[in-house]
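# Understanding the architecture of this molecule
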Amino acid sequence: MTNEELWRAVLGQMELSISRANFITWFRHTTILSRENGAITIGVPNGYTKEWLENKYNHYILKALRELGENIQELRCVIIGDTPLASPERKSMDAVQAPISKQDSLPHIEQTTFQKPALSGPSLAPYQQKSFHSNLNSRYEFDNFVVAENNELAKAACFSVSQNLGVLYNPLFIYGGVGLGKTHLLQSIGNEILKNSPEKRIKYITSERFTTELVDSLKNHHIDEFKSFYEQIDLLIIDDIQFLSGREKTQNEFFHIFNALYQLNKQIVISSDRPPQAIATLEDRLRSRFEGGMITDISRPTLETRIAILERKMNEKNFSLDPASVRFVAENVTQNVRELEGALNRIIAFCEFHKIEPSLDATEKILSTIIAAKKQVLTLDDILAIITDFYAVTAEDLKKKGRKKEISHPRQVMMYLLRDELTLPFSTIGAYFHRDHTTILHAFEKIKTGKQKNPRLKEELSTITERLHYST
Ligand code: ADP
Ligand code: MG
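The rules we used
Residues numbered from 1 in each chain as written. Chains lettered and ligands numbered in written order. Predicted model: local features only at pLDDT ≥ 70, side-chain atom pairs only at ≥ 80, totals over all residues. Heavy atoms only, no water. Near = heavy atom within 4 Å. Polar contact = N/O pair within 3.5 Å; in protein donor to acceptor, adjacent residues only side chain to side chain. Areas by Shrake-Rupley, 256 points an atom, 1.4 Å probe, with all protein chains shown as cover. Axes fitted to C-alpha atoms, helices over the stretch in contact; angles between N-to-C directions. Helix = DSSP H or I, 4+ residues; strand = E, 2+ residues; numbered from the N terminus. Left-handed = near helix turned anticlockwise from the far one by under 90°. Contact = heavy atoms within 4.5 Å. Nonpolar A, V, L, I, M, F, W, Y, C, P; charged D, E, K, R; others polar. Buried < 20%, exposed > 50% of the residue type's maximum accessible area, 1.4 Å probe, protein only. Pairing = 2+ DSSP bridges. Arc of directions from axis to C-beta. Phe/Tyr/Trp six-rings, centres within 6.5 Å; stacked < 30°, edge-to-face > 60°. Lys NZ or Arg CZ within 6 Å of the ring centre and 35° of its normal. Salt bridge = Lys/Arg side-chain N within 4 Å of Asp/Glu carboxyl O. Parallel < 35°, antiparallel > 145°, perpendicular 65-115°, else oblique.

## Section: the site of ligand 1
V146, G179, K182, T183 and H184 are the nearest of the 19 residues found near ligand 1. Within the contact set of ligand 1, an oxygen atom lies 2.6 Å away from a side-chain nitrogen or oxygen of H184. One of the side-chain nitrogen or oxygen atoms of K313 is found 2.8 Å away from a nitrogen atom of ligand 1. Expressed as a share of its isolated accessible area of 550 Å², the protein-covered part of ligand 1 is 96%.

## Section: the packing of helix α1 (residues 3-17) against helix α13 (residues 337-354)
It is the contact of α1 with α13, at a shortest axis distance of 9 Å, that shows an interaxial angle of 145°. Once α1 is placed against α13, the crossing between them reads as left-handed. Between α1 and α13, the residues in contact are A9, Q13, E15 and L16 and R338, E339, R346 and A349, respectively. Its residues assigned to classes, the contact of α1 with α13 shows three nonpolar, one polar and four charged.

## Side note on unusual backbone geometry
Generally, phi is negative for residues other than glycine and the peptide bonds are trans, each holding for most cases. In this structure, the amide linkage connecting N170 to the following residue, P171, adopts the cis form with an omega of -5°. Tracing the sequence through the fold places P171 in the loop between α5 (152-163) and β4 (172-175). Positive phi, normally seen in glycine, also occurs at H221, with a value near 55°. With a relative accessible area of 69%, H221 lands in the exposed category. Here the phi dihedral of K355 falls at roughly 50°; this positive angle occurs in a residue that is not glycine.

## Points about the sheet that holds strand β7 (residues 267-272)
Overall, parallel pairing links the five strands, which are arranged β5-β6-β7-β4-β8 in an open sheet. The strands lining the two open edges of the sheet, one partner per strand, are β5 (202-206) and β8 (294-297). The mean inter-strand angle of the sheet, taken between neighbouring strand axes irrespective of direction, is 15°.

## Some words on helix α18 (residues 426-433)
Spacing of three or four residues puts side chains on the same side of an α-helix, whose turn is 3.6 residues. All buried positions along α18 are accounted for by F426, I429, G430, Y432 and F433. Buried residues of α18 fall within an arc of 160° about the axis and therefore sit on the same side. Buried residues belonging to α18 abut α15 (380-391), α16 (395-399), α17 (405-422) and α19 (437-453). Positive phi shows up at H434, right after α18, with a value of about 55°.

## Observations regarding the packing of aromatic side chains
This model, assessed by the stated rule, comprises 19 aromatic pairs. Summarising the aromatic geometry, the rings of F229 and Y230 are spaced 5.0 Å apart at their centres and angled 85° between planes, so their arrangement reads as edge-to-face. The same class applies to F229 as to Y230, namely buried. Measuring from ring centre to ring centre gives 4.9 Å for F390 and Y391, while their planes differ by 75°; the resulting arrangement is edge-to-face. Clustering of aromatic rings is evident, with ring pairs tying together F173, F210, F226, F229, Y230, F254, F258, Y262 and F290. The side chain of K155 reaches across the aromatic face of F159, ending 5.7 Å from its centre. Across from the ring centre of Y432, 4.2 Å away, lies the NZ or CZ of K399, which sits over that ring.

## Considerations on the pattern of salt bridges
Summed over all chains, the structure comprises 16 salt bridges. A salt bridge links E70 to R35; the nearest nitrogen and oxygen atoms lie 2.9 Å apart. Taken as a pair, E70 in the loop between α4 (58-67) and β3 (74-79) and R35 in strand β1 (residues 31-36) lie far apart in primary sequence, 35 residues in all. Relative accessible area serves as the criterion here: at 25%, R35 is assigned to the partly exposed category. One salt bridge in this structure joins R209 and E213, with 3.5 Å as the shortest N-O distance. Of this pair, R209 and E213 both sit in helix α7 (residues 207-219), separated by four residues, roughly a single helical turn. For E213, a relative accessible area of 3% corresponds to the buried category.

## With respect to the packing of helix α11 (residues 303-317) against helix α12 (residues 323-332)
Packing of α11 against α12 brings their axes to within 9 Å, and their N-to-C directions diverge by 125°. Compared by their axis directions, α11 and α12 come out oblique. With respect to the hand of their crossing, α11 and α12 are arranged in right-handed fashion. The residues of α12 that touch α11, namely those facing L303, R306, I307, L310 and M314, are V326, R327, V329, A330 and E331. A class-by-class count of the residues in the contact of α11 with α12 yields seven nonpolar, no polar and three charged.

This is the structure in structure tokens:
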């Protein structure tokens, strides 16, 4: 196994055992620089990552390496900036949200908001670049999207849009849980149009990236250029719009751009992890705009569909697993397609590394750790235990009426986590704390925005959630 293959396999394991946000934060732009005499050197983009990988994730990484049959006892990190590999493959990573695949360049980590602008316009926002970049990843096509009852309406709507730009469903709003294929479908629209009409101006952007660009353009007094750039687009694809929630200024600007495009019959396609009415603090006028178009959802695939997806992916990767193994994977990895693909990649890496033929035995062994992890469902008591331990407060303190910061902060963090991790209704959380649901909603929003603005709070929350996921 080359260093690249090995690291890809390690990332595959890490991805399954830590939260997506942490995974992207800490493993983006990392690579194996060398591996010899039981020591491994990882190239990392900055000192912060070095510290975290060496001190916090080292034994998880070493464990993953051991599971892959590597005898490595020591891990070191070296800072090499955020474009560690100059390999030609990396260029293919300019696409947003690269899916995990054998041909991928090394870190199969989504580039999403962290993505640097494409090569010709280094560190410039799109509206400042001379040439136009759609930001689409050519791997996402209608042709390689498996259609089944969980996604057929969404697929049909997306396909119609690609054939009737701006006239049929405008805006088109697709929602569904993570890893169910929203980004894939959204980008397929753009790729399909470019096949026949390469002159069309198509822009794919995540709402987080959009916000960052907007804030920068305001800061640099480029807001007019920013707006006129967006207003010249034929198809604007905004992924994960839920991140606009609570950002008034961004919503306001987005609303104006939206209206300008809409009036010109330009197409807008939006995705979200939930329906518009469930996006808290989304301005009413934006919500009603979304509701004025076509809204459709993607749900979780059934067992048959999961099997069909695995078969399709094996075909693409030129790999074959026996039917019993395929069924075993599909029965045990049920929540989302990204994990399904991740499990398959892990099996491929394992078999290649050990030079063994895939079998049900091997599959069971490889997946046993994932399955065990999935079975551990977090509970309110898990969160309570971590909060009381982390902040050194008691369960009684948390339920009392006191407003002292030493108590109210942990209480709000716990309210936030109950919502964010367990997706409990605000009213249920309220009942637990003897408070009404608006208090909980307020606490949730406060911690959520605080996390975006305050790096220390962000780190605090990462530590708590890491403990939460590892301690069980
Ligand atoms: P989301 O944006 O909903 O979180 P993605 O579009 O990123 O999900 O999908 C996650 C991965 O699963 C991608 O690699 C995507 O290509 C793949 N995928 C999801 N649904 C399908 C499907 N129906 N057929 C083929 N691949 C799929
Ligand atoms: Mg997505």
